[in-house]
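# Residue-level structure breakdown
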Amino acid sequence: MPRTPWRTALDQLRRDNRSGASEITLDALNMLIDAVGDSIPGSAGAYLKWLVRTSRELVAAQPAMASLFRLVNDMLWEVDAAATGERMRQTALTYLQNYQARNEAALDALQQSALEFLAHHTSIMTYSRSVTVARVLRAPRQGNRSLRVFCSEGRPALEGQALASELAWADIDVTLGVDMALFGWLGEARALVVGADSLSASGLVNKIGTASLMRAAAERDLPRIVLCTGAKLLPGDYVLQQGLRGGDPEEIMPVSSKHLSVRNVYFDVTPLDLVSTVITERGPLGHADLLAELADLRTYPGLRGK
């Protein structure tokens, strides 16, 4: 079958407001593999410019998704020293084709660390739908200890309903309510566990409402745990606010009056001091360890700026 043209695929990626970061990054990965595989390199300098331009277009399609940025950022650092355009193309392809194996290994390590860390928590609250969180919650627990999960609909896209069904089919007891219900149910949970669209020194970017829920959990001294691989971590010079775009107001309701304003905000930012623990493939990270990890990250020069 003929491949979807780049512009069409890019537009589909830009309009995707239902998939999580993992699915969006996989789509971007496949787009890049096709684009790089079909490319005909000239000089190293010209080919690098093309790779940077292509990478910037992908990041601009979903700027809040750290794993998408890291996919292209780390690829560009990988090819930077290549002496010829063809060598650059081959290096980029090798990096991209091995990405899934590296990511799966990271998820396996994260899952093991998270299961050990959460072993004694029999009642967990989560918000929105993170593929990583769902994977950990579905995994068999030591001693077959029972688990109850509290989650909400996740309006307007209702991804929380999908998560609730997914967990219920895995024989996990789930309590589902409207989004605001979670604030009233915090007393029944033993930990709040969420995923991340991105994590940087500026804070945790996740579905709108996460920051308020984390703050309310902190007031109850409830553990606030973020599960994400290192691919969700962003360097300090990445302009976080550019990723906090909104969606179509009609996802919430039709705008039928000039006196009615509908705000469909997708994301908010949770300050890092509200996060108890971040669990990555390297294990549980406290605040100091997380900041050290973030300090080691570098943005490829061609990706800086708007």
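Everything here concerns the structure above.
Residues numbered from 1 in each chain as written. Predicted model: local features only at pLDDT ≥ 70, side-chain atom pairs only at ≥ 80, totals over all residues. Heavy atoms only, no water.

## Section: the sheet that holds strand E5 (residues 198-200)
To be explicit about the condition: We call two strands paired when DSSP finds no fewer than two bridges between them. Only DSSP runs of H or I with at least four residues qualify as helices, and only runs of E with at least two residues qualify as strands; both kinds are numbered from the N terminus onward. Here an axis means a line fitted to C-alpha atoms, over the contact stretch when the element is a helix, while the angle between two N-to-C directions is reported on a 0 to 180 degree scale. Throughout, a contact is declared for two residues whenever any of their heavy atoms are within 4.5 Å.
Strands sit in the order E5-E6-E8 across an open sheet of 3 strands; the sheet is antiparallel. If you trace the sheet from one side to the other, it starts and ends with E5 and strand E8 (267-270), each paired once. Pairwise comparison of adjacent strand axes, ignoring direction, gives a mean angle of 25 degrees for this sheet. As defined by bridge partners, strand E6 (residues 203-207) adjoins E8 across 4 bridges and the pair is classed as antiparallel. Within the sheet, the bridge partner assigned to Val 205 lies in E8 and is Val 269. Sheet strands in contact with helix H10 (residues 210-219) are E6 and E8, and its direction is about 35 degrees off that of E8.

## Overview of a nonpolar patch on the surface
Stated formally: Patch membership is restricted to residues that have no salt bridge and whose relative accessible area is over 30%. Joining uses 9 Å for like charges and 5 Å for the nonpolar side chains Val, Leu, Ile, Met, Phe, Trp and Tyr. Here the Shrake-Rupley method, with its probe set to 1.4 Å, supplies the accessible areas, and only the displayed protein chains count as covering residues. Just to be clear on terms, a salt bridge is a Lys or Arg side-chain nitrogen sitting within 4 Å of an Asp or Glu carboxyl oxygen.
Residues Ile 252, Met 253, Val 255 and Leu 260 make up a contiguous nonpolar surface patch of about 300 Å² in total accessible area. As for its position among the elements, Met 253 is in the loop between strand E7 (224-227) and E8.

## Here's the deal with the packing of aromatic side chains
To keep it simple, the criterion reads: Only Phe, Tyr and Trp rings are paired, with Trp represented by its six-membered ring, and only when their centres lie within 6.5 Å; those with planes under 30 degrees apart are stacked, over 60 edge-to-face, the remainder tilted. Partly exposed describes any residue whose relative accessible area lies between the buried limit of under 20% and the exposed limit of over 50%, with all areas from a 1.4 Å probe on protein chains only and scaled to the type maximum. A positively charged side chain is recorded as over a ring if its NZ (Lys) or CZ (Arg) lies within 6 Å of the ring centre. The angle to the ring normal must also be within 35 degrees.
Under the criterion given, the structure shown has 4 aromatic pairs. Taken together, a centroid distance of 5.0 Å and an interplanar angle of 80 degrees make the contact between Trp 77 and Tyr 300 edge-to-face. Taken together, the residues span a long stretch of sequence, with Trp 77 in helix H4 (residues 66-79) and Tyr 300 in the segment after helix H11 (287-295) at a distance of 223 residues. On the accessibility criterion, Tyr 300 (6% relative accessible area) is buried. Here Arg 298 stacks its cationic end above the ring of Trp 77, 3.9 Å away from the centre of that ring.

## Re empty space enclosed by the protein
This is how it is decided: Buried and open spaces are told apart on a 1 Å grid over the protein atoms alone, a cavity being a set of points where a 1.4 Å probe fits but cannot get out and a pocket being an open set with protein on both sides within 12 Å along at least five of seven lines. Residues with an atom within 4 Å of a point are the lining residues. Grid points are joined across faces, edges and corners, and a volume is the space filled by probe spheres set on the points.
One pass over the full model with this rule turns up 3 cavities of 30 Å³ or more. Looking at the largest cavity, its volume works out to about 460 Å³. Around the largest cavity sit 33 residues that line it, and Ser 19, Gly 20, Ser 128, Asp 197 and Phe 267 are the ones nearest its centre. Those elements that provide at least two residues to the lining of the largest cavity are helix H2 (21-38), helix H7 (131-138) and E6. Sorting elements by how many residues they give to the lining of the largest cavity places H2 first, with 3 residues.

## Here's the deal with the side chain of Thr 25
Here Thr 25 is to be found in helix H2. Among the residues examined, Thr 25 registers a relative accessible area of 2% and is labelled buried. Apart from the residues within four sequence positions on either side, Thr 25 is in contact with Ser 67, Leu 68, Leu 71 and Tyr 99.

## Focus: the packing of helix H3 (residues 44-61) against helix H5 (residues 85-97)
To be explicit about the condition: Three classes are used, and their members are as follows: Ala, Val, Leu, Ile, Met, Phe, Trp, Tyr, Cys and Pro are nonpolar, Asp, Glu, Lys and Arg are charged, and the others, Gly among them, are polar.
Contact geometry of H3 with H5 gives a least axis separation of 8 Å together with a crossing angle of 35 degrees. Taken together, the residues of H5 that come into contact with H3 (itself represented by Ala 44, Tyr 47, Leu 48 and Leu 51) are Gly 85, Met 88 and Arg 89. For the contact of H3 with H5, the residue count by class is 5 nonpolar, 1 polar and 1 charged.

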